[in-house]
Every structure is written in C-alpha cells, then in structure tokens.
Amino acid sequence: MVLLKEQLKVFLDRYAQRDALVAPVSEEGAVAYRRVKSAEEVTVDFDLPTLPPKAHFLPQTEELYRYAYGEGGMELNPPPPAAQTLLFGARPCDVRGITALDFVFAGRFGDAYWSDKREKTTIAGLSCRRVLPGCFCRAYGYGPTSGEGADLMLTNLGDRYVVEFLTAKGEAVLNAHRDLFGPAGAGDLEEKENRTANLARQFYREVDLRGVREKMDGLFASPYWERLARKCIGCGICTYLCPTCHCFDIVDEPAGPGGGRRLRCWDSCMFADFTLHTSGHNPRPGKKERVRNRFMHKLKYHYDRYGLDGCVGCGRCVAMCPANIDITRVIADVKEVG
C-alpha cells in the first residue's frame, strides 16, 4: 500500500490519541524513542537513532513491584499492565535486535514484563535513508529496507511511503486505518526496489563472518584479548547503545515508611562489579576477561544458545567507542589470529 506524507501525521495522531505511540524524538542533538502525545513531536529526519528502541521493552529503570509491610505480612503491588502501543520508526537493525532479545526474555525462562509489552506492541519499521560508515548489517543477511521482524514496514519514496503489512498485527493496522492508505502501483514497487539497490551500493564496510564462530573457542586463552583490552577504558557505552545488550541489576529502594519498590536497571558486563561475588571472587577480574566476554557473546555465545547472532551490524559501538575499538576489526583479527 501507499501512505502519502501528509497522511502520516494523521496516522500517528490517531494512535497517540487512542492508544500509546512510541516514536523517535530529537532532543539536544540525540534521537531516542519515547512515548509522545502527538505527531508534532516525532522526527523522521534521522539516520541511526542514538539509542535503540529496546528501551520500550526493557526500560533503563523499570519498576517490577512495590512492597509494603503490614499486620498481615508483606503486600506486593505490581505495576499496571502495558498499554496497546504502536512503536513507530524502528530501523531494520533495531527490529532485528528486538527479535534477538525475544529469545532471551520470551524463551524458555519467560519474562512477564517483556512479554506483556511485546504482545501489546505493533512495530512499524522505517527503512534507512542512507548507509552510515559504521553500518555492516548486510553481513548478517538483511539490509536497510528489510522488514523482517516488523509488523509493517515503511520505505520513504519522497512524497509518499510504500507500506508493507507483514503480520496479523500489521493487517489489523491496515484494516483500522484503511482510509489513509492507497494501493501501490508497479511504479511504486519499482522505485522501492531501486531505493534498496541504491542503499546496497553505499556500504563502506565489507564484513565476512565465515569461520569466525568456529575460531572463537580456540582463541579463549589468546594474548590477543590482553592487547585489545589495553585500549578499553571500561566506560560501557558499547553496551548501553547496543540493541541486543541486556545485562541488568535488581535493587530495592525505600519508598515511604514500611515499604519500598523493586527496580530492574540496566547494567553492563564491562563493569567490574557486574560479576563480583559476595565472597569477593570475581570470575572476570580484569578488562581482558570482560572485553573477551563481550566479543565472545556477540560473535558466538548468543548464536550457540539461540541460533541467532548477538550482533546486528548497526555500527553504534564502532561510531561511539571513545577508544576506537571496532568490532569489524575484531572480526578480521579473529580470522587472522585463529
């Protein structure tokens, strides 16, 4: 189907007024996803958002429940259920990241908080407008206009969007707002294919993953990790910006007399305290072990557990690491060292 540019605001405003709309917002030079009240707050003029939309499903700080001590014992009060939500404007790499996290939070050991939001969220993906220098998503078998994992996918053609409805949730969106959409013609589809081909020619990085997983175990004791770790300053920015990182801590916080609340907060495997035991033992005592674990997880462990890679090739860690540690360089090094 086709959605005209001027109709997009109507479409988004309907969601913002009826249910919940989570969309990209530009604030102080950074683009992040948050709940908005109208389409006027939404930006579509961005490349890769600074923060991925995983925060909608796994908030940076999330209240799990409140508790209070009374005469009858402890009373637990969970938060209200999630609202029906449209998550608009997710880039293909970030949709892929959400799919990777589904295996973690909705797999064998299901997380009720993740699953509640996931079931009630419709994902409207938005194709990339250009390929950035750090992007290497096609190494993982998809590209800047791929809709895999989204419920509907929009591709910008200038004055209109070609919209693909990919799931039952996507079809429900079409049925509820059919007055806003028109049929796509052969010219629209051809222009979308041309757009896809043009973006494919923009890739700066050619990353070959063949044989990398097979070599990782043999490099566990390699001095390579010590050399790489010397560059790392342990800031954790790679994990906080990553669409698939999901380390968290759980803390209790006082909230009034005789009670409190339990919170789940983002943490990072790049911090020494993350694996510090109460006994004082730390299985990852130094930066070498922590840096090694990060790349082992991204390039091997996640795939070993779930059959899907733990990296999506978004390039955020490449662009934002203050020490210029580049995962694509690590991939090339592994192939050479191994």
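Refer to the preceding data block for the structure.
Here's a quick rundown of the structure. From a predicted model like this one, the values you see are computed outputs, not experimental measurements.

**What about the overall build of the protein chain?**
Here's step 1: From N to C terminus, the protein chain includes twelve helices and twelve strands.
Here's step 2: What you see for the protein chain is a C-alpha radius of gyration of 22 Å, in line with the 20 Å of a compact globule of 338 residues.
Here's step 3: Overall, the protein chain is about 65 × 65 × 40 Å in size when its C-alpha atoms are taken along their principal axes.
Here's step 4: Considering only residue pairs separated by 6 or more positions, the protein chain has 71% of its internal contacts joining residues 24 or more positions apart.
Here's step 5: Looking at the protein chain as shown, the accessible area adds up to about 16,400 Å², and 52% of this sits on carbon and sulfur atoms.
Here's step 6: The averaged location of the 44 negative side-chain charges in the protein chain is 5 Å from the averaged location of its 46 positive side-chain charges.

**Re helix H12 (residues 327–337)**
Here's step 1: Three or more residues of H12 are buried, namely Ile327, Thr328, Val330, Ile331, Asp333 and Val334.
Here's step 2: Looking at the packing, one finds that the buried side of H12 touches helix H7 (212–216), helix H8 (224–229), helix H10 (287–306) and helix H11 (316–320).

**Structural notes on the environment of Phe181**
Here's step 1: The residue Phe181 is located in strand S10 (residues 181–182) in this model.
Here's step 2: Expressed as a C-alpha distance, the spacing of Phe181 and Gly134, which sit 47 residues apart in the sequence, is 35 Å.
Here's step 3: If near-sequence neighbours (up to four positions away) are discounted, Phe181 is found in contact with Met1, Val2, Leu3, Phe11, Val163, Phe165 and Leu174.

**Digging into the side chain of Asp111**
Here's step 1: Looking at where Asp111 falls in the secondary structure, it is placed in the loop between helix H3 (92–105) and helix H4 (112–119).
Here's step 2: According to the relative accessible area criterion, Asp111 is buried, its value standing at 14%.
Here's step 3: A distance of 2.8 Å separates polar atoms of two side chains, one belonging to Asp111 and the other to Arg264.
Here's step 4: Dropping the residues within four chain positions of it, Asp111 is found in contact with Phe105 and Arg264.

**A word on the sheet that holds strand S5 (residues 73–77)**
Here's step 1: On the basis of which strands lie adjacent, the open sheet formed by four strands has the order S5-S4-S12-S11 and antiparallel pairing. Looking at which strands have only one partner, the edges of the open sheet turn out to be S5 and strand S11 (248–254). The mean inter-strand angle of the sheet, taken between neighbouring strand axes irrespective of direction, is 25°.
Here's step 2: When strand S4 (residues 61–70) meets strand S12 (residues 259–266), the two strands line up antiparallel, connected through seven bridges. When the bridges of S12 are listed, Thr61 appears paired with Cys265.

**Here's the deal with the nonpolar core**
Here's step 1: By size, the foremost hydrophobic cluster in this structure holds 42 residues, and its most contacted members are Phe11, Leu12, Leu21, Phe88 and Leu154.
Here's step 2: Discounting chain neighbours no more than four positions away, the residues touching Leu12 are Leu21, Ala39, Val42, Leu86 and Phe88.
Here's step 3: Grouped together as the second largest cluster of nonpolar side chains are 37 residues, Leu199, Cys317, Ile325 and Ile327 included.

**Section: the side chain of Thr244**
Here's step 1: Along the chain, Thr244 turns up in the loop between helix H9 (237–241) and S11.
Here's step 2: A polar contact is formed between the side chain of Thr244 and the side chain of Lys298, at a distance of 2.7 Å.

**Points about the packing of H3 against H4**
Here's step 1: As a packed pair, H3 and H4 sit with axes 10 Å apart at the nearest point and diverge in direction by 140°. Looking at the two axes, H3 sits oblique to H4. Between H3 and H4 lies a crossing of left-handed hand. Every residue of H4 that contacts H3 at Ile98, Leu101, Asp102 and Phe105 is listed here: Trp114, Ser115 and Arg118.

**Description of the pattern of salt bridges**
Here's step 1: Under the counting rule described, the total for this entry stands at 32 salt bridges.
Here's step 2: In this structure, a network of salt bridges that share partners links the residues Glu62, Asp111, Lys117 and Arg264.

**Here's the deal with unusual backbone geometry**
Here's step 1: Located in the positive-phi region is Glu28, a residue other than glycine, with phi close to 55°.
Here's step 2: Looking at the element boundaries, Glu28 is found in the loop between strand S2 (20–27) and strand S3 (30–36).
Here's step 3: Glu28 sits in the exposed class, given a relative accessible area of 86%.
Here's step 4: Residues other than glycine seldom take positive phi values, yet Asn324 does so here, at roughly 60°.
Here's step 5: Positionally, Asn324 belongs in the loop between H11 and H12.

Cut-off values and rules
Residues numbered from 1 in each chain as written. Predicted model: local features only at pLDDT ≥ 70, side-chain atom pairs only at ≥ 80, totals over all residues. Heavy atoms only, no water. Helix = DSSP H or I, 4+ residues; strand = E, 2+ residues; numbered from the N terminus. Rg over C-alpha atoms; globule rule 2.2 N^0.38 Å. Contact = heavy atoms within 4.5 Å. Areas by Shrake-Rupley, 256 points an atom, 1.4 Å probe, with all protein chains shown as cover. Lys, Arg positive; Asp, Glu negative; His and termini not counted. Charge placed at Lys NZ, Arg CZ, Asp CG, Glu CD. Buried < 20%, exposed > 50% of the residue type's maximum accessible area, 1.4 Å probe, protein only. Polar contact = N/O pair within 3.5 Å; in protein donor to acceptor, adjacent residues only side chain to side chain. Pairing = 2+ DSSP bridges. Axes fitted to C-alpha atoms, helices over the stretch in contact; angles between N-to-C directions. Core = buried A, V, L, I, M, F, W, Y, C linked by side-chain atoms within 4.5 Å. Parallel < 35°, antiparallel > 145°, perpendicular 65-115°, else oblique. Left-handed = near helix turned anticlockwise from the far one by under 90°. Salt bridge = Lys/Arg side-chain N within 4 Å of Asp/Glu carboxyl O.

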